[in-house]
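Here is how the chains run, residue by residue.
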Amino acid sequence: MGVIISIVNQKGGVAKTTTAINLAAAIGQKGKKVLLVDLDPQGNASTGIGINKKELKYTTYDVIMGEVRPEEAVLSTGFKNVWIIPATQALAEGEIRLTNYKNKTLQLRKALLQIKDKYDLIFVDCLPSLGVLALNGITACDRMIIPMQCEPYSLEGVAELLNSVKRVKSSTNKSLQIMGVVFTMVDKRLTVNKDVQNQIKENFPAEWIFKTEIPRAVKISEAPSHGEPITYYDPSSKGAEAYKKLAAEVLKKANEAAMML
């Protein structure tokens, strides 16, 4: 059975979707079967991995509302060992409709458990909020990755996120654990980056901090507009090398998680 990893931060612009796409691709290149679940109505993970949203028959919306089986919405991508359940703006309606469901935060979990054993890893790219959809992503996963940009407001709202994790862990997902915090858009030349990193390290256990840092890089920013992960768009770039190293760390922790589940 695979490990479900949600990539979560209610703050936008922290390279959450970028991290989801590039981890999926880099781990797929290592020979593991990976499913990427786009849980953001903006659908950036879908377009960033080359999906034409105008041609979609089923999406995450259909899955989370229980209108189709999850395997019916899975699409292959042009990248080795990577599949996706894509999203469109229709998913925003799901946020509204789910409020009337009795088990409104369990919908994604129920769906992914049906196909969990078909993949080594399932990455869920959560939208930047702590609403019903994001709570579905947290409830569905075994582990969480929290991307953090090294800027002064990066800790803002983290306490709220951790409180949500505690609530989910005590109620609907007792096995939930934080896999780690990954620093994104790092610029070593800026003193503020070092100050923020030190601040975050003081507030989190050492085992929660990934050793690999993702640099601020033009190529990483360019890749989504070409519908490619950075490890395909520019495989020899610093950004690609960083995501390959992060993928190795994630795989190691995922293997440890699999033995505990």
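Our subject is the structure listed above.
In this text the structure is predicted, and so the values were computed from the model without any measurement.

### Comments concerning unusual backbone geometry
(1) Moving on: With a phi close to 70°, Ala-15 is a non-glycine residue in the positive phi region.
(2) Moving on: Note that Ala-15 resides in the loop between strand E1 (3–7) and helix H1 (16–29).
(3) Moving on: Among the residues examined, Ala-15 registers a relative accessible area of 17% and is labelled buried.
(4) Moving on: Positive phi values are uncommon outside glycine, yet Met-185 reaches one of about 50°.
(5) Moving on: Looking at the element boundaries, Met-185 is found in the loop between strand E7 (177–184) and helix H9 (191–203).

### Focus on the pattern of salt bridges
(1) Moving on: For the structure on display, the rule yields 9 salt bridges.
(2) Moving on: A salt bridge links Glu-67 to Arg-97; its shortest N-O distance comes to 3.1 Å. On the criterion of sequence distance, the pair formed by Glu-67 in the loop between helix H3 (60–64) and helix H4 (70–73) and Arg-97 in helix H5 (residues 91–98) is long-range, its members being 30 residues apart.
(3) Moving on: Glu-256 serves as the salt-bridge partner of Lys-252, at 3.0 Å between the closest nitrogen and oxygen. One end of the pair, Lys-252, and the other, Glu-256, are both in helix H12 (residues 238–260), 4 residues apart, so they sit about a helical turn from each other.
(4) Moving on: A network of salt bridges, in which partner residues are shared, links Arg-69, Glu-71 and Glu-72.

### Observations regarding the side chain of Asn-22
(1) Moving on: Looking at the secondary structure, you find Asn-22 in helix H1.
(2) Moving on: On the accessibility criterion, Asn-22 (3% relative accessible area) is buried.
(3) Moving on: For Asn-22, the side chain forms a polar contact with the main-chain nitrogen of Ile-230, separated by 2.8 Å.
(4) Moving on: With residues near it in sequence (within four places) discarded, Asn-22 still touches Pro-229, Ile-230, Thr-231 and Tyr-243.

### Describing the nonpolar core
(1) Moving on: Within the largest apolar cluster, 50 residues are counted, with the highest numbers of intra-cluster contacts made by Leu-112, Val-124, Ile-138 and Met-144.
(2) Moving on: With 6 residues, the top contributor of residues to this core is helix H7 (residues 132–140).
(3) Moving on: One finds Leu-36, Ile-49, Leu-56 and Ile-84 within the second-largest nonpolar core, a separate group that totals 37 residues.

### A look at the packing of H7 against helix H8 (residues 158–171)
(1) Moving on: Running from N to C, H7 and H8 point in directions that differ by 55°, and their axes come no closer than 10 Å. When the axis of H7 is compared with that of H8, the two are oblique. As H7 runs across H8, the sense of the crossing is right-handed. Here H7 contributes Leu-135, Ile-138 and Thr-139 to the contact with H8, which in turn contributes Leu-161, Ser-164 and Val-168.

### So, the pairing of E1
(1) Moving on: Counting buried residues in E1 gives 5 out of 5 residues, a clear majority hidden from the surface.
(2) Moving on: Here E1 shows two buried faces, one formed by Val-3, Ile-5 and Ile-7 and the other by Ile-4 and Ser-6.
(3) Moving on: Note that E1 and strand E5 (residues 121–126) share 5 bridges and pair parallel. Residue pairing for E5: Ile-7 is matched across the bridge by Asp-125.
(4) Moving on: Note: E1 against strand E6 (residues 143–149), 3 bridges, orientation parallel.

### Here we look at the pairing of E7
(1) Moving on: With 7 of 8 residues buried, E7 is to be regarded as a mostly interior element.
(2) Moving on: Taken together, the 7 bridges between E6 and E7 define a ladder with parallel strand orientation. Paired with Pro-147 across the two strands is Val-182, which belongs to E7.
(3) Moving on: For the handedness criterion, the β-α-β arrangement of E6, H8 and E7 is classed as right-handed.

Conventions and cut-offs
Residues numbered from 1 in each chain as written. Predicted model: local features only at pLDDT ≥ 70, side-chain atom pairs only at ≥ 80, totals over all residues. Heavy atoms only, no water. Helix = DSSP H or I, 4+ residues; strand = E, 2+ residues; numbered from the N terminus. Buried < 20%, exposed > 50% of the residue type's maximum accessible area, 1.4 Å probe, protein only. Salt bridge = Lys/Arg side-chain N within 4 Å of Asp/Glu carboxyl O. Polar contact = N/O pair within 3.5 Å; in protein donor to acceptor, adjacent residues only side chain to side chain. Contact = heavy atoms within 4.5 Å. Core = buried A, V, L, I, M, F, W, Y, C linked by side-chain atoms within 4.5 Å. Axes fitted to C-alpha atoms, helices over the stretch in contact; angles between N-to-C directions. Parallel < 35°, antiparallel > 145°, perpendicular 65-115°, else oblique. Left-handed = near helix turned anticlockwise from the far one by under 90°. Pairing = 2+ DSSP bridges. Right-handed = clockwise from strand over helix to strand, strands pointing away.

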